[in-house]
Amino acid sequence: MRVVIQENYDKMSKWAAEYIASKIKAHKEERPFVLGLATGSSPIGVYNELVKMYKAGELSFKNVVTFNMDEYLGLPREHDQSYWYFMHYYLFDHVDIPAENVNILNGMCEDPEEECAQYEAKIAAIGGIDLFLGGIGQDGHIAFNEPYTSLTSRTGVRVLTTDTRIVNSRFFDNDVDKTPEKALSVGVETVTDAKEVLLVINGHNKAAALAATVEGPVSAKVTCSALQMHKNAIIACDEPACGELKVDTYKYFLDIEKSQRL
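Residues numbered from 1 in each chain as written. Predicted model: local features only at pLDDT ≥ 70, side-chain atom pairs only at ≥ 80, totals over all residues. Heavy atoms only, no water.

Quick question: what am I supposed to make of the overall build of the protein here?
Within the protein, the regular secondary structure consists of eight helices and 10 strands. For the protein, whose C-alpha radius of gyration is 17 Å, the value lies close to the compact-globule estimate of 18 Å for 262 residues. With the principal axes as the frame, the protein shows a C-alpha extent of 50 × 40 × 35 Å. With 262 residues in all, the protein has 54% of them scored as buried. Partitioning the intrachain contacts of the protein with sequence separation of at least 6 by distance along the chain shows that 80% fall at a separation of at least 24. Of the charged side chains in the protein, 26 are positive and 38 negative, and the gap between their average positions amounts to 6 Å. (Helix = DSSP H or I, 4+ residues; strand = E, 2+ residues; numbered from the N terminus. Rg over C-alpha atoms; globule rule 2.2 N^0.38 Å. Buried < 20%, exposed > 50% of the residue type's maximum accessible area, 1.4 Å probe, protein only. Contact = heavy atoms within 4.5 Å. Lys, Arg positive; Asp, Glu negative; His and termini not counted. Charge placed at Lys NZ, Arg CZ, Asp CG, Glu CD.)

In structure tokens, the structure reads:
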């Protein structure tokens, strides 16, 4: 696991965007570059940087296929809090990715289990995900894989915890009763099957989650800890998120990254 520590959120976002762009540009296979994507506040800065690169003529998404991590069950894509809406607002509407290359779970599907099975099948059919960009919750969960979700889980229906709904209620008039109770989400193993996983983690409120992910045991209690077992996992974080890392851990990652650019 690499932990790339940046001074602040903007620098973290820029580093992560440049890393993603470098992978897209270096992709030489005939099949498209397959990029997993996340929503939430953490990756917004990354998306802003990727849009800047595209508008500057430095990056194209024409040969990129995307798969998003999750979607609320019961929200139509036109709803301003759906993740379909989020992704188009922050990224897809501003770059040259073909509409048919965008894959997002359908929160209004008639058969959620079938929707999830087809999603997994589509990922497998294209050859798997090259790089999965993600963030984590304050309790260390990834996508909507709440604590104690199996580390071998695949895409499926997830029941959201009260804590997650309270955190997300800020997007629903601060009313937890308006916040969806369920979501469709890729599984932990769906994420770790990717050739590379890049997490962006920022802010003091994620410090405990970062420490548990990097230093804690591999446990379903902290589903992000599964990345300790991934051979190409990277965490890009800002200084405030490092507040609960041990001093030696912090110094170690600063030291080994000194000679690295990406």
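Explain the nonpolar core to me, please; I cannot follow it from the model alone.
Side chains that are nonpolar tend, in soluble globular proteins, to be buried together. Core analysis: the biggest nonpolar cluster contains 37 residues, and Met69, Leu199, Ile201, Leu210, Ile235 and Cys237 have the highest contact counts within it. Going through the elements one at a time, β1 (2-6), β3 (64-68), α4 (112-125), β9 (196-201), α7 (207-215) and β10 (233-238) are the ones with two or more residues in this core. Ranked by the residues each element gives to this core, the list is headed by α7, at four residues. With near-sequence residues (within four places) excluded, Leu199 lies in contact with Gly134, Gly135, Ile136, Ile142, Cys224, Leu227, Ile234, Ile235 and Ala236. (Core = buried A, V, L, I, M, F, W, Y, C linked by side-chain atoms within 4.5 Å.)

What is the right way to look at unusual backbone geometry in this model?
Most peptide bonds take the trans configuration, and most residues that are not glycine carry a negative phi. Of note, the phi angle at Ala143 is positive, near 55°, even though the residue is not glycine. Position of Ala143 relative to the elements: it lies in the loop between β6 (131-134) and β7 (156-159). Among the residues examined, Ala143 registers a relative accessible area of 10% and is labelled buried.

Honestly, the packing of aromatic side chains in this entry has me stumped. Any pointers?
Within a pair of aromatic rings, the relevant descriptors are the distance that separates the centres and the angle that separates the planes. A complete count under the given rule lists 10 aromatic pairs for this structure. Relative to Phe253, the ring of Tyr252 lies with its centre 5.0 Å away and its plane at 75°, an arrangement referred to as edge-to-face. The class for Tyr252 is partly exposed, based on a relative accessible area of 46%. (Phe/Tyr/Trp six-rings, centres within 6.5 Å; stacked < 30°, edge-to-face > 60°.)

Explanation requested: the packing of helix α1 (residues 9-26) against helix α2 (residues 44-55) in the structure shown.
Packed helices, taken two at a time, are described by the angle their axes make and the gap between the axes. Close contact between α1 and α2 brings their axes to 8 Å; oriented N to C, the two are set at 55°. With respect to α2, the element α1 is oriented oblique. You can see that α1 and α2 cross each other, and the crossing is right-handed. Contact residues: Tyr9, Ser13, Lys14, Ala16, Ala17, Glu18, Ile20 and Ala21 in α1; Ile44, Gly45, Val46, Glu49, Leu50 and Met53 in α2. Of the residues assigned to the contact of α1 with α2, the class counts are nine nonpolar, two polar and three charged. (Axes fitted to C-alpha atoms, helices over the stretch in contact; angles between N-to-C directions. Parallel < 35°, antiparallel > 145°, perpendicular 65-115°, else oblique. Left-handed = near helix turned anticlockwise from the far one by under 90°. Nonpolar A, V, L, I, M, F, W, Y, C, P; charged D, E, K, R; others polar.)

Help me out: how do you make sense of the sheet that holds strand β2 (residues 33-37) in this one?
Strands belonging to one sheet form pairs held by backbone hydrogen bonds; the direction of such a pair is parallel or antiparallel. Overall, parallel pairing links the seven strands, which are arranged β1-β10-β9-β6-β2-β3-β5 in an open sheet. What marks the edges here is a single partner per strand, and that holds for β1 and β5 (102-103). Sheet topology places β6 next to β9; four bridges connect them, and they run parallel. Among the inter-strand pairings, Phe132 is bridged to a residue of β9, identified as Val197. Relative to β10, α7 is tilted by about 150°, and along the sheet it contacts β1, β9 and β10. (Pairing = 2+ DSSP bridges.)

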